[in-house]
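Structure assessment
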Amino acid sequence: MSDKEIILVGYSGHAYVVADAILANGYCIVGYSDKQKASLDPYGLTYLGFEKEIDFVGWLKDIPFALGIGDNKLRQSVSNLIEEKGKVVQTIIDKTAVISKNVSIESGTFINKNVTVNALARIGKNVILNTGCIIEHECILQDAAHIAPGAVLAGNVTIGERSFVGANSVVKQGVNVGKDVMIGAGSVIISDIPDGKKVVGNPGRII
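Scope of this entry: the structure provided in the associated data block. (Residues numbered from 1 in each chain as written. Predicted model: local features only at pLDDT ≥ 70, side-chain atom pairs only at ≥ 80, totals over all residues. Heavy atoms only, no water.)

1. Observations concerning the overall build of the chain
- Scanning the chain for helices and strands turns up two helices and 22 strands.
- Taking 2.2 N^0.38 as the reference for a compact globule, 207 residues should give roughly 17 Å; the C-alpha atoms of the chain span a radius of gyration of 17 Å, in line with that estimate.
- In terms of principal-axis extent, the alpha carbons of the chain reach across some 50 × 35 × 30 Å.
- Within the chain, contacts between residues separated by at least 24 positions form 25% of all contacts whose residues are at least 6 apart in sequence.
- Accessible area for the chain stands at about 9500 Å²; split by element, carbon and sulfur atoms hold 51% of it. (Helix = DSSP H or I, 4+ residues; strand = E, 2+ residues; numbered from the N terminus. Rg over C-alpha atoms; globule rule 2.2 N^0.38 Å. Contact = heavy atoms within 4.5 Å. Areas by Shrake-Rupley, 256 points an atom, 1.4 Å probe, with all protein chains shown as cover.)

2. Focus: the sheet that holds strand 15 (residues 158-159)
- Taking strand neighbours across the sheet as the criterion, the five strands line up as 6-9-12-15-18 in an open arrangement whose pairing is parallel. Of all the strands in the sheet, just strand 6 (104-105) and strand 18 (176-177) have a single pairing partner and so form its edges.
- When strand 12 (residues 140-141) meets strand 15, the two strands line up parallel, connected through two bridges. Bridged to leucine 141 within strand 15 is isoleucine 159. (Pairing = 2+ DSSP bridges.)

3. Description of unusual backbone geometry
- Backbone torsion omega between asparagine 202 and proline 203 reads -5°, so that peptide bond is classified as cis.
- The topology assignment puts proline 203 in the loop between strand 21 (198-200) and strand 22 (205-206).
- The phi dihedral of asparagine 114 is positive, around 60°, even though this residue is not glycine.
- Phi is positive for leucine 120, which is not a glycine, with a value near 65°.
- Looking at the element boundaries, leucine 120 is found in the loop between strand 8 (116-117) and strand 9 (122-123).

4. Some remarks on helix 2 (residues 72-84)
- A rise of 1.5 Å per residue sets the reference length of helix 2, with its 13 residues, at 18 Å; its end C-alpha atoms lie 18 Å apart and thus fit the reference within 8%.
- Of the residues making up helix 2, those classed as buried are Asn72, Arg75, Gln76, Val78, Ser79, Leu81 and Ile82.
- Looking at the buried residues of helix 2, the elements they touch are strand 1 (5-9), strand 3 (65-67), strand 10 (128-129), strand 13 (146-147) and strand 16 (164-165).
- A positive phi of about 80° marks glycine 86, the residue just after helix 2. (Expected span 1.5 Å × (residues − 1). Buried < 20%, exposed > 50% of the residue type's maximum accessible area, 1.4 Å probe, protein only.)

5. What about the packing of aromatic side chains?
- All chains considered together, the criterion is met by seven aromatic pairs.
- For the ring pair phenylalanine 56 and tryptophan 59, a centre distance of 5.2 Å and an interplane angle of 85° mean the geometry is edge-to-face. Each of the two residues, phenylalanine 56 as well as tryptophan 59, counts as buried.
- Seen from their ring centres, phenylalanine 56 and phenylalanine 65 are 6.4 Å apart, and the 50° between their planes marks the pair as tilted.
- An aromatic cluster is built from Tyr11, Tyr16, Tyr32, Tyr43 and Tyr47, whose rings are joined through pairwise contacts.
- Geometry around tyrosine 27 places lysine 4 over its ring, the cationic atom sitting 4.1 Å from the centre. (Phe/Tyr/Trp six-rings, centres within 6.5 Å; stacked < 30°, edge-to-face > 60°. Lys NZ or Arg CZ within 6 Å of the ring centre and 35° of its normal.)

Structural measurements only, silent on function.
Below, the structure written as structure tokens:
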């Protein structure tokens with residue numbers, strides 16, 4: 001077994017971006033799991049079956065898994081399943097990302113191209129930091145959060161579990177965003193947001 005082999009979970013949309021970063025890091029993707037065999041196969045990957053099926057062959061392989069799932073709740077659920085099977089959920093960081101040495105990053109997180117993560121930020125499990133987003137000093141991103149392309153978190157921002165910050169949004173320094181929050185693209189968030197809310201606009205308003 002090569003220590004650079006990996007299984008990709010999911011094979012559409014976001015998974016293509018993850019696959020690019022996996023391959024750029026020198027891994028071999030031995031196959032993918034999904035509900036069914038993909039009609040579009042841009043990377044020429046082997047279909048291994050569905051991870052929730054009893055006979056999923058991926059469980060027989062002693063190699064890590066990478067999450068190609070964009071949906072926050074589903075990504076967290078699948079990660080839990082993989083860990084219950086005693087397997088590793090690999091963190092994938094694109095080579096173009098700029099990350100301070102004083103950052104903590106937990107398992108299963110994906111950091112895409114041209115992302116910046118500055119000093120003392122804490123990134124939880126199964127987080128997505130998408131293309132070109134900026135995570136400033138001392139931010140806390142809880143498990144399965146997703147920061148979309150171009151979004152900016154100023155210093156000391158907290159993003160709750162499974163929350164989504166839309167493309168090109170800005171969250172003001174010191175703001176706390178609760179769990180399961182949805183922030184629309186281009187929003188400017190200047191005050192705290194309770195759990196489970198949807199927010200849009202400049203300044204952000206709950207809808």
